[in-house]
Amino acid sequence: GQNIDQPTEMTATEGAIVQINCTYQTSGFNGLFWYQQHAGEAPTFLSYNVLDGLEEKGRFSSFLSRSKGYSYLLLKELQMKDSASYLCAVRDLGGYSTLTFGKGTMLLVSP
Amino acid sequence: SQTIHQWPATLVQPVGSPLSLECTVEGTSNPNLYWYRQAAGRGLQLLFYSVGIGQISSEVPQNLSASRPQDRQFILSSKKLLLSDSGFYLCATPQGLAGGPSDTQYFGPGTRLTVL
C-alpha cells in the first residue's frame, strides 16, 4: 500500500516563496505527481518527477528524492491566485496509471 | 486532446435513495476511465477503474458500483445512499499533458454529491 503525508495548511505572503513537502511510504513507486486544486474545482496537473532531482516549470519547481521518500513543490513569486490546495500523488508499479493521493495542503496567500 | 463531461454538476439526495452519476469522454477511443471520490477531510480516493467495455476493477469495497456500458461512458451507481457517500466525485482518464507522462491523470469537472 501507499501512505502519503503532507501538511494540512500553509500561509504565505504575495511575492514570497513557499515550499510544500510530501513524504511517502510505498510498496512500489513509479512516479510522483503534484496537482493544484482550487476550491470547488477539479485538480489540474502541475508537475511530475520519476527520477531524483529538480524539475522546473516557470514559477513552480518540484524535487524528488526516492531514497528518502520525499518530494517538495516550490512556488516562487506567489500570487493571490496561487491560493489553492496542492495534492501530492504517487503512482504505483501497476500498469493502469492509478494514483494514491495525500490529503492535500491548503495554501493561503495573503496580500 | 480529450474532454471529460460529468453529469450532474451538483446533486442533493436523501439517505436511502438511488444514485447514478455519468461520465463521458470525447476525443479518444477505448480510454482507461477512473472514478475518484474526495470526501471532507480525506484525500482523493480511487474507487473504480475500467480498461474497456464491461471491465470494472473495484479498489475499495463499499456501497457503490460502476459500469461501462459504452466505450466512452462510465457510470457510478448506488442502490441506497449513505450519509458517508457525500463528496466530490471525479472521473478521470490518462492524457499526455505538458511536463507529464503520456498517462497523466486528467480529471473531469466533477459532481458534488450531498446526502442528507
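Shown above is the structure to which this text applies.
This one's a predicted model, so the numbers in the text were calculated from it and none came from an experiment.

Conventions used here
- Residues numbered from 1 in each chain as written.
- Chains lettered and ligands numbered in written order.
- Predicted model: local features only at pLDDT ≥ 70, side-chain atom pairs only at ≥ 80, totals over all residues.
- Heavy atoms only, no water.
- Pairing = 2+ DSSP bridges.
- Helix = DSSP H or I, 4+ residues; strand = E, 2+ residues; numbered from the N terminus.
- Axes fitted to C-alpha atoms, helices over the stretch in contact; angles between N-to-C directions.
- Contact = heavy atoms within 4.5 Å.
- Buried area = accessible area lost by both parts, 1.4 Å probe.
- Salt bridge = Lys/Arg side-chain N within 4 Å of Asp/Glu carboxyl O.
- Polar contact = N/O pair within 3.5 Å; in protein donor to acceptor, adjacent residues only side chain to side chain.
- Nonpolar A, V, L, I, M, F, W, Y, C, P; charged D, E, K, R; others polar.
- Buried < 20%, exposed > 50% of the residue type's maximum accessible area, 1.4 Å probe, protein only.
- Disulfide = S-S within 2.5 Å.

The next subject is the sheet that holds strand E8 (residues 70-75) of chain A. Residue and element names in this part refer to chain A. Taken together, the five strands give an open sheet; going across it, the order is E1-E3-E8-E7-E6, and neighbouring strands pair in antiparallel fashion. In the strand order of this sheet, the two ends are held by strand E1 (2-5) and strand E6 (53-57), each with one partner. On average, adjacent strands in this sheet sit at an angle of 15 degrees to one another, irrespective of strand direction. The pairing of E1 with strand E3 (residues 18-26) spans four bridges and is antiparallel. Across the sheet, the residue bridging to Ile4 is Tyr24, located in E3.

With that settled, consider the interface of chain B and chain A. Chain B puts 26 residues into the contact, and the matching count from chain A is 19 residues. Here chain B and chain A share an interface that buries about 1700 Å² over both sides, 61% of which is from carbon and sulfur atoms. Of all residues in chain B, Leu44, Pro101 and Phe107 of chain B bury the most surface against chain A, accounting for 24% of the area lost on that side. Between Asp103 of chain B and Arg91 of chain A there is a salt bridge, and its shortest N-O distance comes to 2.6 Å. Seen at the junction of chain B and chain A, the total is five residue pairs in polar contact (both at pLDDT 80 or more). When residues of the side of chain B that touches chain A are traced back to their parent elements, those giving at least two are strand E4 (33-38), strand E5 (44-52), strand E9 (87-95) and strand E10 (104-107) of chain B. A per-element tally of the side of chain B that touches chain A places E5 of chain B first, with four residues. The residue inventory of the side of chain B that touches chain A, partitioned by class, reads 14 nonpolar, nine polar and three charged.

On to the pattern of salt bridges. Residues and elements named next belong to chain A. Summed over all chains, the structure comprises six salt bridges over all chains. Of the charged contacts, one joins Arg66 and Asp52 as a salt bridge, the two residues approaching to 3.0 Å between their closest N and O atoms. Taken together, the residues span a long stretch of sequence, with Arg66 in the loop between strand E7 (60-65) and E8 and Asp52 in the loop between strand E5 (44-49) and E6 at a distance of 14 residues. Among the residues examined, Arg66 registers a relative accessible area of 41% and is labelled partly exposed. Lys76 is paired through a salt bridge with Glu56; the nearest N and O atoms lie 3.8 Å apart. Of this pair, Lys76 sits in the loop between E8 and strand E9 (84-91) while Glu56 sits in strand E6, and the two are 20 residues apart along the sequence.

Looking now at the state of the cysteines. All names here are of chain B. Applying the stated criterion across every chain yields a total of two disulfides over all chains. Covalently, Cys23 is tied to Cys91 through a disulfide, its sulfur atoms 2.0 Å apart. A torsion of -65 degrees about the S-S bond marks the disulfide between Cys23 and Cys91 as left-handed. Of this pair, Cys23 sits in strand E3 (residues 19-26) while Cys91 sits in strand E9, and the two are 68 residues apart along the sequence. Comparing Cys23 with Cys91 shows no difference in burial state: the two are buried.

Here we take up the pairing of strand E6 (residues 55-58) of chain B. Residue and element names in this part refer to chain B. Two strands pair when backbone bridges link them, and E5 and E6 are joined in this way by three bridges, in the antiparallel orientation. Along E6, the bridge assignment pairs Tyr49 with Ser57. Linking two consecutive strands that pair antiparallel, namely E5 and E6, is a turn of two residues; a positive phi of about 75 degrees is found at Gly54 within it.

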